[in-house]
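Residues per chain are reported as follows:
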Amino acid sequence: MRAVVQRVLSARVEVDGQVVSQIGQGLLVLVGISESDTKEDADFLCRKILNMRLFVNDKTGKAWDQNVMQKNFDVLLGIDECIATLICFFFSFHCLVSQFTLYGFLKGNKPDFHLAMPPLQAKDFYSKFVEAVAHSYSKDKVKDGIFGALMQVHLVNDGPVTLQLDSRKPGDENNHNSSS
């Protein structure tokens, strides 16, 4: 699994011109699911996303000191079958947006997505991932978009702060990233 994590002042997901999810300050996380991802990959990303220290500690003024749970921010989850799943985590809202294009690459000038998990399998995997995040944090803090819908994601980046996560070690599709 791969994730692109962006710290935002606000973000929202629209489908057919209608807002389906929105948050204030927090994190927007785009998540891609590959055909070989397992529960261990989902557990790793869930743990990393919820524990990333990307926020200032208001009491001490120390930067990069608190995570989304410590700040009591929300999570917004949305999905796009294009990257076998782009999960958008917003941390005032936590927003997960499934994006299968995270497992795309160019073959000449044409994108190739064969490493992404097929849509039907990805939908179930994504649903379980959303449940895991909600269970690990707080069900009322986790929001969700619409899997497979063509979504428009609007955000106001904060910093900007953008980080990439991968549940697998580079070049080794069979080993899970063991760092916590």
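In case you missed it, the structure is sitting above this.
Residues numbered from 1 in each chain as written. Predicted model: local features only at pLDDT ≥ 70, side-chain atom pairs only at ≥ 80, totals over all residues. Heavy atoms only, no water.

A. Main features of the pattern of salt bridges. One pass over the structure, following the stated rule, counts nine salt bridges. Among the ionic pairs, Asp166 bridges to Arg2, the shortest N-O distance being 3.1 Å. Of this pair, Asp166 sits in strand S9 (residues 151–166) while Arg2 sits in strand S1 (residues 2–15), and the two are 164 residues apart along the sequence. Of the residues examined, Arg2 reaches a relative accessible area of 29% and is grouped as partly exposed. For Arg12, the salt bridge identified is with Glu14, shortest N-O distance 2.8 Å. The partly exposed category is assigned to Arg12, whose relative accessible area is 31%. One salt-bridge network, in which partners are shared between bridges, spans Asp37, Asp41 and Arg168. (Salt bridge = Lys/Arg side-chain N within 4 Å of Asp/Glu carboxyl O. Helix = DSSP H or I, 4+ residues; strand = E, 2+ residues; numbered from the N terminus. Buried < 20%, exposed > 50% of the residue type's maximum accessible area, 1.4 Å probe, protein only.)

B. Main features of unusual backbone geometry. In the segment running from Gly159 into Pro160, the intervening peptide bond is cis, with an omega of 0 degrees. With respect to the secondary-structure elements, Pro160 resides in strand S9. Despite not being glycine, Trp64 has its phi angle at roughly 55 degrees, a positive value. Along the chain, Trp64 turns up in the loop between helix H1 (39–51) and helix H2 (68–71). The phi torsion at Asn72 lies on the positive side, around 60 degrees, for a residue other than glycine. On the secondary structure map, Asn72 appears in the loop between H2 and strand S4 (75–77). Look at Asn72 and you get partly exposed, because its relative accessible area is 48%.

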